[in-house]
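Structural overview for review
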Amino acid sequence: MDLPAPLVWLVDEAAASPSPERFLADLGGQLLAAGLPLAGGALTLSAPHPIITQHSWLWHAEDGAVNEALGFAGTALGQAGRDWLAELGPICEETIAGTPGNSVLAWAGTRPFTSTEADSLRQIARFAAAPLAGLAARAALSALLEAYLGRRSAARVQAGALSRSTGETIRAALLCADLRDFTALSEATEPTIVISALDAWFDRVAGAVHAFGGEVLKFVGDGVLAIFPVTGTSAEACEAALRAVTAIRAGMAHLDATRKDQGLPPLPFGAALHFGDMLWGNIGAADRLDFTAIGPAVNLVSRLEGLCKPLGCNVLVSGAVAAETGTALVPLGKHELRGIIEPCAVFTLTEALT
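Report follows, based on the coordinates. What you are looking at is a predicted structure, and each value in this text was computed from that prediction instead of being measured. (Residues numbered from 1 in each chain as written. Predicted model: local features only at pLDDT ≥ 70, side-chain atom pairs only at ≥ 80, totals over all residues. Heavy atoms only, no water.)

Of all five residues in strand β13 (residues 344-348), four are buried, a share of seventy percent or more. The pairing of strand β11 (residues 315-318) with β13 spans two bridges and is antiparallel. Residue pairing across strands places Val317 opposite Phe347, the latter belonging to β13. Where strand β12 (residues 330-335) lies against β13, four bridges are found, and the strand directions are antiparallel. (Buried < 20%, exposed > 50% of the residue type's maximum accessible area, 1.4 Å probe, protein only. Helix = DSSP H or I, 4+ residues; strand = E, 2+ residues; numbered from the N terminus. Pairing = 2+ DSSP bridges.)

Laid out in structure tokens, this is it:
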């Protein structure tokens, strides 16, 4: 069968594209080489994610650059691509069924497309359906894993870290936080209200953690375990964790004010920060794994968080973090922690004293 070069590429090579971004750039290059008058292109894939419902990749023919745009709930599929391409020229767009949630492939011309050129682009979309189905499936899997595992852990799992009792030792600042007296509140409150309160709490914690480069590893009941891995210096990781916990305090103060206006009780919490090594990897049963962090540092930060209530502070910081930061901290002395051999030097933020 004598096919045009772009169709041959779609049949023989496109399925091996490592990413939607690369797929779009390579396909655009193929079409330019075939003589089509393209100013740009856009590829949109649906995403099964609680916030981000679609990803769009925008290709500029002039320099080959590809940028990514995110779409959220309520946004029409492919709208970001349409808006961007409309500024470049006349648009030819095709919705491609057979991919998870459907996808949209669109092009802008340097001039209006002829009927022959438009037919060629529609044929391109038909041949693109098969490789795009594979790309969309991989993108959907990535979105799901990130939603449930976090970005770094999801990347590790997708890279093949699937064996039990395997992992790596990483150095990180750790944050452990939970709500105070939440069991009693949940027993006396309607389940839907309890879930709403938990969601609001987790939004504040996860939002602050992610804003400063950390990753939530676990939601356990009303508790959270998050990490700030060392990617530059130890001081940078500890400073990021301190900024995150400061943001959590501000977010919860705003939430408590809102709840008071609604006639609801506040949500007191405790949070602790520590710094050290931990084993990051798979543990669990032979057929049910958990990608998590374990080790003495994880144990210590959990025990330290338990001191928040007796010490009257909603944020406690270990000596290991204090040694890495220039942030002004208030010393609270050394304290015994259950299951930890050596007493822990404990500090707090000036504004966290209650």
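On to helix α4 (residues 115-149), then. In this model α4 runs 48 Å from its N-terminal to its C-terminal C-alpha over 35 residues, within 8% of the 51 Å that 1.5 Å per residue would give. The sharpest bend along α4 measures roughly 45 degrees and falls at Ala129, with the proline Pro131 sitting one to four residues further on. Where α4 terminates, the next one or two residues include Gly150, which has phi positive at roughly 95 degrees. (Expected span 1.5 Å × (residues − 1). Bend = angle between axes of the 7 residues up to and from the residue.)

Turning next to the environment of Arg151. With respect to the element layout, Arg151 can be found in helix α5 (residues 151-158). Residues Arg151 and Glu215, spaced 64 residues apart in sequence, show a C-alpha to C-alpha distance of 7.3 Å.

Moving on, we get to the pairing of β11. Here β11 shows no split at all, with Val315 and Val317 on one side and Leu316 and Ser318 on the other all buried. Sheet analysis places strand β9 (residues 269-285) next to β11, joined by three bridges and oriented parallel. Bridged to Ala272 within β11 is Leu316.

Let's shift gears to the packing of helix α7 (residues 191-211) against helix α8 (residues 234-261). Where α7 meets α8, the axes come as close as 8 Å, and the angle between the chain directions of the two elements is 150 degrees. The angle between the axes of α7 and α8 places the two elements in the roughly antiparallel class. For the crossing formed where α7 meets α8, the hand is right-handed. Counted together, Ala197, Ala200, Trp201, Arg204, Val205, Ala208 and Val209 of α7 and Ala244, Ala247, Ile248, Gly251, Met252, His254, Leu255 and Arg259 of α8 form the full contact between these two elements. A class-by-class count of the residues in the contact of α7 with α8 yields 11 nonpolar, two polar and two charged. (Axes fitted to C-alpha atoms, helices over the stretch in contact; angles between N-to-C directions. Parallel < 35°, antiparallel > 145°, perpendicular 65-115°, else oblique. Left-handed = near helix turned anticlockwise from the far one by under 90°. Contact = heavy atoms within 4.5 Å. Nonpolar A, V, L, I, M, F, W, Y, C, P; charged D, E, K, R; others polar.)

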